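Residues per chain, in single letters:
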Amino acid sequence: MGPFQILIVALVILVLFGRGRISEMMGDFGKGVKSFRQGLSEEEKAASSESKPAQIEGPSHEAKPASEAASEPKPADKTTH
């Protein structure tokens, strides 16, 4: 499409809808884009606040290294039949 064809299309749209209606539609379009961008920024803020690194807790005081736990015998079952 050349510049002359774009100008013809713009004039036809202007004649069909009128200057007031086009400016109203562009205003609504601008409000929609602004609202969309605000929604994206709010979503990014929420995602960044949720993506805080999880704290890794150390072993409890009763925990033993795996090598020691594997070498100890398991306690006997105290059920009587």
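This text follows the structure it describes.
Cut-offs used in this document
Residues numbered from 1 in each chain as written. Predicted model: local features only at pLDDT ≥ 70, side-chain atom pairs only at ≥ 80, totals over all residues. Heavy atoms only, no water. Helix = DSSP H or I, 4+ residues; strand = E, 2+ residues; numbered from the N terminus. Buried < 20%, exposed > 50% of the residue type's maximum accessible area, 1.4 Å probe, protein only. Areas by Shrake-Rupley, 256 points an atom, 1.4 Å probe, with all protein chains shown as cover. Salt bridge = Lys/Arg side-chain N within 4 Å of Asp/Glu carboxyl O. Expected span 1.5 Å × (residues − 1).

Colleague: Outline the overall build of the protein chain, supporting the account with residue identities and numerical values.
Modeller: Secondary structure summary: the protein chain contains three helices and zero strands in total. For the protein chain, the succession of helices and strands along the chain, N to C, is α-α-α. For the protein chain, the proportion of its 81 residues judged to be buried stands at 0%. Here the protein chain has roughly 8200 Å² of accessible surface; of this, 61% comes from carbon and sulfur atoms.

Colleague: Before we move on, could you go through the pattern of salt bridges and cite the residues and values that matter?
Modeller: Under the defined criterion, the tally for this structure stands at one salt bridge. Here Arg 21 and Glu 24 are joined by a salt bridge, their closest N and O atoms 3.1 Å apart. With Arg 21 and Glu 24 both in helix H2 (residues 19-50), this residue pair falls three residues apart, about one helical turn. The exposure class of Arg 21 is partly exposed, given its relative accessible area of 41%. Residue classification places Glu 24 among the partly exposed residues on the basis of a relative accessible area of 44%.

Colleague: Requested: an account of helix H1 (residues 3-17), with residues and values cited.
Modeller: When the terminal C-alpha atoms of H1 are compared, their 21 Å separation across 15 residues agrees well with the 21 Å that a helix rising 1.5 Å per residue should span. In the segment just after H1, Gly 18 is the residue with positive phi, at about 85°.

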